[in-house]
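A structural walkthrough
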Amino acid sequence: VDSIDSTEESLNQSWHRQNSISVALKEWDIPYEDLQFDSIVGKGRFGTVFKGNWHGDVAIKMFDIDTDTKMEQQAAFKMEVSMLKKTRHENLVLFMGACMKTPHLGIVTSYCKLSTLHTHIHQRRESFPMNRTVIISSQIAQGMGYLHARGIVHKDLKSKNIFLESGKVVITDYGLFNFTKLCHDDRHANSLHIPPGWLCYLAPEIMHSLRPGKSKVPDEVPFSTHSDVYAFGTVWYELLTGEWPFRSLPPEAIIWQVGKGIKQSLASMQASRDVKDILMLCWSFKPTDRQDFVSLQRTLERLPKKRLARSPSHPVHLSRSAES
Ligand code: ATP
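Definitions and limits used
Residues numbered from 1 in each chain as written. Predicted model: local features only at pLDDT ≥ 70, side-chain atom pairs only at ≥ 80, totals over all residues. Heavy atoms only, no water. Axes fitted to C-alpha atoms, helices over the stretch in contact; angles between N-to-C directions. Helix = DSSP H or I, 4+ residues; strand = E, 2+ residues; numbered from the N terminus. Parallel < 35°, antiparallel > 145°, perpendicular 65-115°, else oblique. Contact = heavy atoms within 4.5 Å. Nonpolar A, V, L, I, M, F, W, Y, C, P; charged D, E, K, R; others polar. 1 Å grid on protein atoms, 1.4 Å probe; cavity = no way out; pocket = protein on both sides within 12 Å on 5 of 7 lines; lining within 4 Å. Points joined across faces, edges and corners; volume = space filled by probe spheres on them. Salt bridge = Lys/Arg side-chain N within 4 Å of Asp/Glu carboxyl O. Core = buried A, V, L, I, M, F, W, Y, C linked by side-chain atoms within 4.5 Å. Buried < 20%, exposed > 50% of the residue type's maximum accessible area, 1.4 Å probe, protein only. Expected span 1.5 Å × (residues − 1).

Between helix α7 (residues 225-241) and helix α10 (residues 293-301), the shortest axis-to-axis distance is 11 Å and the interhelical angle comes to 25 degrees. For the element pair α7 / α10, the angle class is roughly parallel. Every residue of α10 that contacts α7 at D228, V229, F232 and W236 is listed here: F293, L296 and L300. Here the residues of the contact of α7 with α10 sort into six nonpolar, no polar and one charged.

Right, here's the structure in full:
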């Protein structure tokens, strides 16, 4: 009798939890019909981003959903949205609301007019002076520190998800990874689908969890605040060198090296010890050895700002051999 009572109690609790999430989310629900879709900005792994209008310019990210698991996806989506609505920080994209009824699941955020760090660094090949590099990085650390303080793990921090809006950093695409994994379950049944440029942001503990075949249940991928710090290390490296770590190594070699705890060599990188130390700390093999964003930001602020991060006349040639 006791076990029947406790099962009933836990079912009740879960019903109440779901119900209170639904009630709390009502004010963030944007009816699909109220949105005006103007143009496609781009297609990502899990859906399409549109420039649109909802009381002004907005970005609308609509997700490709799998009809077989649509109820599961709708529930997962609502869970993620209940986290997004808690975010208010000047270095995070403004979450404005969401379309929460299948088949139209999407989120509406402020529209970023300017370019991502990825575009600045890898397409336009711009190099930033050290003082700008430090300002950008500390704004990223600030936004990320806030997310973590709110109990949200980004799970997909990368230069493509960081906009520079008139000198201000705006981080996008946070906290939706659990839901998006559900959108993609069986498309690559016997192979591991690796989008270009994704691996170098993944911490060793995530590498260990990668398996070919059916995607993992989202909870089994050990994303954490520490894995976000690892990804930040890679963005710091991109800002300093204009390249990704392990550039031109095949995916299998990157997975093997990172999984073993081997880091990109910094031997030929023209930067001071304290700048390199930040990289080594962020890329620590043991998750708990990585600094958190609050102390990272303090470390960044203490860096001398005058030196150049990299000079176009002295291109950095990175050796692929590992530095212990
Ligand atoms: P991935 O799916 O691997 O993360 P991605 O970052 O290119 O790749 P999306 O996040 O879906 O994929 O973004 C698609 C496009 O929309 C990108 O060009 C991105 O820069 C742009 N974008 C995303 N959010 C906004 C926003 N708030 N304002 C303006 N453009 C945006």
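In this structure, the largest pocket occupies an estimated 1,000 Å³ of space. As for the largest pocket, its lining consists of 40 residues, of which V49, K61, K160, N161 and D173 are closest to the centre. Looking at the lining of the largest pocket, the elements with two or more residues in it are β1 (36-43), β2 (47-53), β3 (57-63), β5 (104-110), α3 (117-123) and α5 (177-182). Taken together, the residues of the lining of the largest pocket sort by class into 18 nonpolar, 15 polar and seven charged.

The next thing to look at is the pattern of salt bridges. Applying the stated rule across the entire model yields eight salt bridges. K61 is the salt-bridge partner of D173, the closest N and O atoms lying 2.9 Å from each other. Of this pair, D173 sits in the loop between β7 (168-171) and α5 while K61 is found in strand β3, placing the two residues 112 residues apart along the sequence. Overlapping salt bridges, with partners in common, bring together R125, E243 and R247 in one network.

Let us now look at the nonpolar core. I107, L117, I140, F232 and W236 are the most contacted members of the largest nonpolar core, which totals 74 residues. Here this core takes nine residues from α7, the largest share from any one element. Not counting the four nearest positions on each side in its chain, F232 is found in contact with S137, I140, A141, L157, C282, F293, L296 and L300. Judged by nonpolar contacts, the second largest core, of eight residues, contains I30, L35, I60 and C99.

Next up on the list: helix α2 (residues 70-84). Helical periodicity: at 3.6 residues per turn, an α-helix aligns residues three or four positions apart in one direction. Counted at 1.5 Å a residue, the expected span for α2 with its 15 residues is 21 Å, and the 20 Å between its end C-alpha atoms agrees. Those residues of α2 lying buried are Q73, Q74, A76, F77, E80, V81, S82 and L84.

Buried within helix α9 (residues 273-282) we find V275, K276, I278, L279, M280 and C282. Looking at the buried residues of α9, the elements they touch are α4 (130-149), α7 and α10.

Excluding glycine, residues mostly carry a negative phi; peptide bonds, for their part, are mostly trans. Across the junction of T102 and P103, the peptide omega takes the value 5 degrees, indicating a cis bond. Structurally, P103 can be placed in the loop between β4 (95-101) and β5. The phi angle at R125 is positive, at roughly 55 degrees, despite the residue not being glycine. Take R125: it is sitting in the loop between α3 and α4.

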